[in-house]
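Reading the structure
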Amino acid sequence: MLKLRSSLSASKIRTGLVLAAAALSVLVVSACNGGARRPRLAYEERPVEALYNTGYQRLQSKRWADAVDYFQEVERQHPYSEWSRRAILMQIYAYYQNNNYQDAIAAADRFIALFPGNPSAPYAFYMKAICNFEQITDVGRDQGYAQAALTGLRDVARRYPGTSYAIDATVKIDMVNDQLAGKEMAIGRYYQRANQPLAALNRYKSVIDNQAYQRTSHTPEALYRLVEVNLQLGLKEEANRNGSVLGYNYPGSPWYAEAYALLTEGGAAPEVAPTGQRESWLRRLIPG
């Protein structure tokens, strides 16, 4: 399985760079109330430039919660204005940087509802997907965030092909598919350890039959586990077929070397000899 969490950290840096580029196009006015004391945010008529610029300053100082307060005030006092549009974008970014993912998603949804045709809409769609992507957990837990991220990333790639958002979304789609395939493998191993070979078989087959999962790092092991389970069930012909598929596509994989050894012991060695080496006996154990 890909080391998803370490990739997420790099992803967050890249996402910040994407927004930094977008932020350069946002007007930052020079007329703001300079002063060390933060103005009270109770509702009172204040110049929109002062509110926006103070929020932007807080953003640059990484005072994310303070920045949100000012940008919300811009939105509250000047709804449906150009300033409000920019303020919502800044809220998305501030919430995201402060790890308030649900608030960031809500702000993105609000922007999309109010300005669906705006040139910044791709960013709002992208950030919704990224906020779910950032919350993906290990394969031992529920993969609801992974499914939501996959849906959002596919939406970005479909809506905005050729953009930097779509390019990054495509890379992350492969990562999420690897995560989801890893979940199927984990469940399959669980059933195999519990001596429920048919249930395990179905999980391993789901990795092989899903075209998106076929390109993941889990495919060689899935084919090997199918060889194991089919031999356990006495389905030698099916086991040999899975071994042949594994050997044709991954002749140098240690998983094929293991499968070849199993099939040879049963008197049904595939035609293609492995080019890789078998791992130690520990590799053949079902993780658990």
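Residues numbered from 1 in each chain as written. Predicted model: local features only at pLDDT ≥ 70, side-chain atom pairs only at ≥ 80, totals over all residues. Heavy atoms only, no water.

To continue, consider the overall build of the chain. Across its full length, the chain holds 13 helices and 0 strands. Counting helices and strands in the order they occur from the N terminus, the chain gives α-α-α-α-α-α-α-α-α-α-α-α-α. For the chain, with 288 residues in total, the buried portion stands at 48%. Expressed as a percentage of contacts within the chain between residues at least 6 apart in sequence, the contacts between residues at least 24 apart total 59%. Element-wise, carbon and sulfur atoms account for 53% of the exposed surface of the chain, whose accessible area totals about 14,500 Å². (Helix = DSSP H or I, 4+ residues; strand = E, 2+ residues; numbered from the N terminus. Buried < 20%, exposed > 50% of the residue type's maximum accessible area, 1.4 Å probe, protein only. Contact = heavy atoms within 4.5 Å. Areas by Shrake-Rupley, 256 points an atom, 1.4 Å probe, with all protein chains shown as cover.)

For the rest of this paragraph, the subject is the packing of aromatic side chains. The tally for this structure, following the rule as stated, stands at 11 aromatic pairs. Through successive ring pairs, a cluster of aromatic residues spans Tyr-52, Phe-71 and Trp-83. Above the ring of Trp-83, the side-chain terminus of Arg-86 is found at 5.4 Å from the ring centroid. One residue, Lys-172, lies across the ring of Phe-133, its end atom 5.6 Å from the ring centre. (Phe/Tyr/Trp six-rings, centres within 6.5 Å; stacked < 30°, edge-to-face > 60°. Lys NZ or Arg CZ within 6 Å of the ring centre and 35° of its normal.)

The next subject is the pattern of salt bridges. By the definition in use, this model includes 15 salt bridges. In this structure, Asp-155 engages Arg-159 in a salt bridge whose closest nitrogen and oxygen atoms are separated by 3.0 Å. Here Asp-155 and its partner Arg-159 are both found in helix 7 (residues 144-159), 4 residues apart, which amounts to about one turn of the helix. A relative accessible area of 18% places Asp-155 in the buried class. For the salt bridge of Arg-225 with Glu-221, the shortest nitrogen-to-oxygen distance reads 3.1 Å. Of this pair, Arg-225 and Glu-221 both sit in helix 11 (residues 219-232), 4 residues apart, which is roughly one turn of that helix. Taking relative accessible area as the criterion, Glu-221 reaches 9% and is therefore assigned buried. Ionic contacts of the salt-bridge type, sharing partners, join the residues Arg-189, Glu-221, Arg-225 and Glu-228 into one network. (Salt bridge = Lys/Arg side-chain N within 4 Å of Asp/Glu carboxyl O.)

What follows covers the packing of helix 6 (residues 121-133) against helix 8 (residues 164-193). With their axes 11 Å apart at the nearest point, helix 6 and helix 8 run at an angle of 20 degrees to one another. One element, helix 6, and the other, helix 8, form an angle in the roughly parallel class. Handedness of the crossing formed by helix 6 with helix 8: left-handed. Contacts between helix 6 and helix 8 involve Pro-122, Tyr-123, Tyr-126, Ile-130 and Phe-133 from the former and Tyr-165, Asp-168, Lys-172, Met-175 and Val-176 from the latter. Split by residue class, the contact of helix 6 with helix 8 holds 8 nonpolar, no polar and 2 charged. (Axes fitted to C-alpha atoms, helices over the stretch in contact; angles between N-to-C directions. Parallel < 35°, antiparallel > 145°, perpendicular 65-115°, else oblique. Left-handed = near helix turned anticlockwise from the far one by under 90°. Nonpolar A, V, L, I, M, F, W, Y, C, P; charged D, E, K, R; others polar.)

Inside soluble globular proteins, nonpolar side chains tend to come together where they are buried. Ranked by size, the top nonpolar core spans 73 residues in total, and within it Leu-59, Phe-71, Ile-92 and Val-176 carry the most contacts. Setting aside residues no more than four positions away along its own chain, Ile-92 makes contact with Ala-104, Ala-107, Ala-108, Tyr-123, Ala-124 and Met-127. (Core = buried A, V, L, I, M, F, W, Y, C linked by side-chain atoms within 4.5 Å.)

A few words now on a nonpolar patch on the surface. Side chains of Leu-198, Leu-233 and Leu-235 sit close together on the surface and give an oily, nonpolar patch of about 260 Å² of accessible area. Turning to its location among the elements, Leu-198 is positioned in helix 9 (residues 197-209). (Patch = residues over 30% accessible without salt bridge, like charges linked within 9 Å, V, L, I, M, F, W, Y side chains within 5 Å.)

So, on to the environment of Leu-59. For Leu-59, the location among the structural elements is in helix 2 (residues 48-60). Counting along the chain gives 32 residues from Leu-59 to Gln-91, while the straight-line C-alpha distance between them is 9.5 Å. In this structure Leu-59 touches Trp-64, Ala-67, Phe-71, Met-90, Tyr-93 and Ala-94, once residues within four positions along its chain are discounted.

Let us now look at unusual backbone geometry. A positive phi angle is found at Asn-99, which is not glycine, with a value near 65 degrees. The residue Asn-99 is located in the loop between helix 4 (82-97) and helix 5 (101-114) in this model. For Asn-99, a relative accessible area of 45% corresponds to the partly exposed category. Positive phi values are uncommon outside glycine, yet Asn-195 reaches one of about 60 degrees. Within the element layout of this structure, Asn-195 appears in the loop between helix 8 and helix 9. According to the relative accessible area criterion, Asn-195 is exposed, its value standing at 57%.

Next up on the list: the confidence of the model for the chain. Averaged over every residue, the pLDDT of the chain is 84; the share at 70 or more is 77%. In this model, residues 1-10 is a region of pLDDT below 50 whose contacts with residues beyond four sequence positions or in other chains number 19 contacts. pLDDT under 50 marks residues 17-38. Its contacts with residues more than four places away, or in other chains, come to 28 contacts. (pLDDT = per-residue confidence, 0-100.)

So, on to helix 8. The terminal C-alpha atoms of helix 8, which comprises 30 residues, lie 44 Å apart, in line with the 44 Å expected from a rise of 1.5 Å per residue. A large share of helix 8 lies buried, amounting to 21 of its 30 residues. The first or second residue beyond helix 8 is Asn-195, which carries a positive phi of 60 degrees. (Expected span 1.5 Å × (residues − 1).)

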